[in-house]
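Topology and contacts: notes
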Amino acid sequence: MPTQKTIAATGNTVVAEAMRQCAPDMMAAYPITPQTTIVEEFAGFVAKGRVHTEYITVESEHSAMSACVGASAAGARVMTATSSQGLALMWEELHIASGMRLPIVMANANRALSAPINIHCDHSDIMGARDTGWITLFAETAQEAYDNTIMAIRIAEHPDVLLPTMSCLDGFITTHSIDRVCIMDDETVTGFVGQYTPKNALLDIENPVTHGAFAGLGGPFFEFKKSQREAIERSRAVIKDVGAEFSELSGRPFGMVETWGMEDADVAIVVIGSTAGNVRHVARQMRESGIKAGVVKIRCFRPFPYAELAAALSGVKAVAVMDRAESFGAEGGPLFLEVRSALYDATERIPVIDYIYGLGGSDVRLELIETVLNDLSEIAAGAQAPTGLVYLGSR
Amino acid sequence: MHEIRWHGRGGQGAVTSSKILAEAAFRSGWSGVTAAPSFGAERRGAPITASTRMAEEPIRILSQVTTPDVVVVLDDSLITVARPEAGLQSGGVIIVNTVKPRAELGLPADVRVVTADVTGSAMAAGVVVGGTPMVNTAILGSIAAATGFVTLESVEAAIAGAFPPGPAAKNIEAARLAFECTKA
């Protein structure tokens with residue numbers, strides 16, 4: 001295994017470091033809390049000559065993603081980062097990036113959307129962008145944010161995939177907390193991500209092509225969308241292979257779904273992002289008092305790991321889904337809808353309860369997780385499951 | 001696991017120091033170390049908190065620190081507004097930058113309080129920015145003295161890694177002076 005050095009650093013610092021090691025040809029970015037320090041530190045690497053990237057400062061996120069789309073279509077390896085309102089302002093170009101099959105890699109510091117104004121963590125930004133055709137990875141820790149950023153390049157640029165990929169980390173909680181992180185050496189990362197060979201590059205003047213042209217009535221628009229669906233389905237195998245190869249190098253396991261205590265669990269919590277740490281901690285404690293609790297963490301949200309999730313949850317008596325985003329008027333939050341759908345084909349009907357939590361950075365205290373596991377334990381023993389979703393810890 | 005909560009004012013550098021303390025803890029051999037800011041409206045002078053955790057195993061709890069065993073107060077004017085004693089574990093300690101006697105601080109009598117003239121240490125070492133002494137690095141010396149969780153050497157090394165050489169030397173001197181004037 002290649003040597004790695006262990007440092008104490010924030011999530012944003014190690015994402016910037018991973019981006020430097022991936023050596024994009026171009027980055028266009030606009031600062032937004034709590035993402036700012038990613039592009040700030042990356043700009044520092046450019047200024048000091050530690051990475052040879054064309055760094056373009058732009059006047060908005062709309063322009064940032066537009067410039068990224070242009071550069072990627074030209075044939076460049078492109079990376080950027082954003083958050084919250086910035087991601088929302090990129091909305092048009094998110095679809096254009098995926099529709100043009102441009103393997104742009106972007107970090108997103110998950111943050112609430114206004115109003116009221118809030119700068120703290122929830123998943124309403126990325127869940128709002130879930131149908132834009134981007135592959136979407138989630139990190140629990142700074143380590144996972146570092147690892148995901150590097151894997152994202154390989155996944156996005158894989159010839160079977162060619163889709164933009166987002167690497168999400170929880171705003172402030174993961175972006176700004178200092179944590180221990182193992183960093184690979186530059187040569188290892190360079191070797192792992194390899195040289196990018198673009199397909200259909202606009203600057204390949206020997207083979208002129210058009211990107212994103214009009215495809216109206218009678219045109220191939222419908223078939224383009226079908227090809228995007230086929231590509232993201234193919235990405236499942238690529239994500240697993242890239243994850244396995246990265247694990248060999250890093251010694252750190254990777255799965256689209258990662259489980260804890262599920263071998264003999266009666267009840268389980270499905271969670272995404274930084275809260276998984278708190279949930280595992282409480283699940284471990286509750287096991288000492290006889291509640292057989294397990295944890296299922298989703299590390300890849302798009303494509304959604306239906307089969308892996310259903311397999312992980314088979315045999316449990318009650319499931320809680322932790323949603324850090326709303327889908328107002330839907331039966332539950334975005335993760336709940338996915339999880340319950342994944343369980344539809346299960347032979348045993350498993351009660352699934354949705355807990356909306358942590359919106360706008362609302363603190364996820366350990367005792368709140370305890371109440372979830374106590375609820376589940378009672379439901380597993382035959383108590384009636386609540387109808388409708390639960391706002392966990394709201395006043 | 002040790003949980004440290006910082007009370008400061010916007011601009012005093014509590015968030016920076018919580019990170020330098022994490023680095024010092026890492027260098028002192030703790031395998032689990034995290035530091036987290038608690039940002040609100042980021043304006044100068046407003047009370048803010050930050051936290052540092054250290055443990056012998058990796059830390060995966062990322063919620064705010066509500067039951068600290070160490071509380072660090074950068075400025076004694078925060079005592080009435082920020083209630084630093086809130087949630088303090090029994091046997092815990094509050095470290096206060098002050099020149100006032102313990103009895104005049106308005107902290108509960110049954111709580112262990114360690115005081116030090118950290119501002120004096122910062123001024124003596126010349127850690128003054130725009131006419132204002134910066135106490136955030138100096139108080140790391142007081143934390144080392146009052147808790148023993150981190151060594152003075154690891155604090156010095158962490159400060160050296162956080163600043164260019166000139167300012168680092170002054171900040172290290174401030175931490176040393178604060179270490180010496182803190183009566184654990």
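Calculation criteria
- Residues numbered from 1 in each chain as written.
- Chains lettered and ligands numbered in written order.
- Predicted model: local features only at pLDDT ≥ 70, side-chain atom pairs only at ≥ 80, totals over all residues.
- Heavy atoms only, no water.
- Domains from an automatic or database assignment.
- Contact = heavy atoms within 4.5 Å.
- Buried area = accessible area lost by both parts, 1.4 Å probe.
- Salt bridge = Lys/Arg side-chain N within 4 Å of Asp/Glu carboxyl O.
- Polar contact = N/O pair within 3.5 Å; in protein donor to acceptor, adjacent residues only side chain to side chain.
- Helix = DSSP H or I, 4+ residues; strand = E, 2+ residues; numbered from the N terminus.
- Pairing = 2+ DSSP bridges.
- Buried < 20%, exposed > 50% of the residue type's maximum accessible area, 1.4 Å probe, protein only.
- Expected span 1.5 Å × (residues − 1).
- Arc of directions from axis to C-beta.
- Axes fitted to C-alpha atoms, helices over the stretch in contact; angles between N-to-C directions.
- Core = buried A, V, L, I, M, F, W, Y, C linked by side-chain atoms within 4.5 Å.

Turning next to the domain arrangement of chain A. Residue and element names in this part refer to chain A. The domains assigned to chain A are domain 1 (4-250) and domain 2 (257-391). If you look at the interface, domain 1 gives 29 residues, while domain 2 gives 27 residues. Note on domain 1 versus domain 2: buried area summed over both sides is about 2100 Å², and carbon and sulfur give 53% of it. The interface formed by domain 1 and domain 2 contains six salt bridges. With a closest N to O distance of 2.9 Å, Glu308 and Lys240 form a salt bridge. At the junction of domain 1 with domain 2, the criterion picks out 16 residue pairs in polar contact (both at pLDDT 80 or more). Elements that contribute at least two residues to the side of domain 1 that touches domain 2 include exactly helix H6 (124-128), strand S6 (135-138), helix H7 (142-157) and helix H9 (221-250). Here the side of domain 1 that touches domain 2 takes five residues from H9, the largest share from any one element.

Turning to the sheet that holds strand S15 (residues 390-391) of chain A, a few remarks are in order. The sheet built from six strands is open, its strands ordered S9-S11-S10-S13-S14-S15 (chain A) with mixed pairing. The open sheet terminates on both sides in strands that have one partner only, identified here as strand S9 (257-260) and S15 of chain A.

Let's shift gears to the pattern of salt bridges. All names here are of chain A. Considering all chains together, one arrives at 30 salt bridges over all chains under this definition. As a salt-bridge pair, Arg20 and Asp186 come within 2.9 Å of each other at their nearest N and O atoms. Note that Arg20 is positioned in helix H1 (residues 11-22) and Asp186 in helix H8 (residues 186-193), a separation of 166 residues in sequence. Classification of Asp186 as partly exposed rests on a relative accessible area of 29%. With a closest N to O distance of 2.7 Å, Arg302 and Glu338 form a salt bridge. Separated by 36 residues along the polypeptide, Arg302 in strand S12 (residues 300-302) and Glu338 in helix H12 (residues 334-342) bring together distant segments of the chain. For Arg302, a relative accessible area of 14% puts it in the buried group. Using a relative accessible area of 7% as the deciding quantity, one classes Glu338 as buried.

All names here are of chain A. Between its terminal C-alpha atoms helix H2 (residues 36-47) stretches 16 Å, which fits the 16 Å expected from 12 residues at 1.5 Å a residue. Three or more residues of H2 are buried, namely Ile38, Val39, Phe42 and Phe45. The buried side chains of H2 occupy one side of the element, clustering within an arc of 110 degrees when seen end-on. Opposite the buried face of H2, by more than 90 degrees, sit the exposed residues Glu40 and Ala47. Against H1, strand S2 (26-29), strand S3 (54-57), strand S4 (79-82) and strand S5 (105-110) lie the buried residues of H2. Of the residues flanking the end of H2, it is Gly49, one or two places downstream, whose phi is positive at about 75 degrees.

Paired through their backbone hydrogen bonds, the strands of a sheet run either parallel or antiparallel. Residues and elements named next belong to chain A. The five strands are arranged S4-S5-S7-S6-S12 in an open sheet whose pairing can be described as mixed. The open sheet has two edge strands, S4 and S12, and neither has a second partner. Direction aside, neighbouring strands of the sheet carry axes that sit 20 degrees apart on average. Where S6 meets strand S7 (residues 165-170), four bridges bridge the pair, whose relative direction is parallel. Its bridge partner lying in S7, Ile135 is registered against Thr165. Against the sheet, H7 makes contact with S4, S5, S6 and S7, and its axis sits at roughly 170 degrees relative to S7, the strand it touches most.

Residues and elements named next belong to chain A. Residues Met65, Ile104, Val270, Leu309, Leu313, Leu335 and Val339 are the most contacted members of the largest nonpolar core, which totals 50 residues. Counting residues per element, this core draws most heavily on helix H3 (residues 61-74), which supplies six residues. Core analysis: the next-biggest nonpolar cluster, separate from the first, contains 48 residues, Val39, Val161, Leu163 and Val238 among them.

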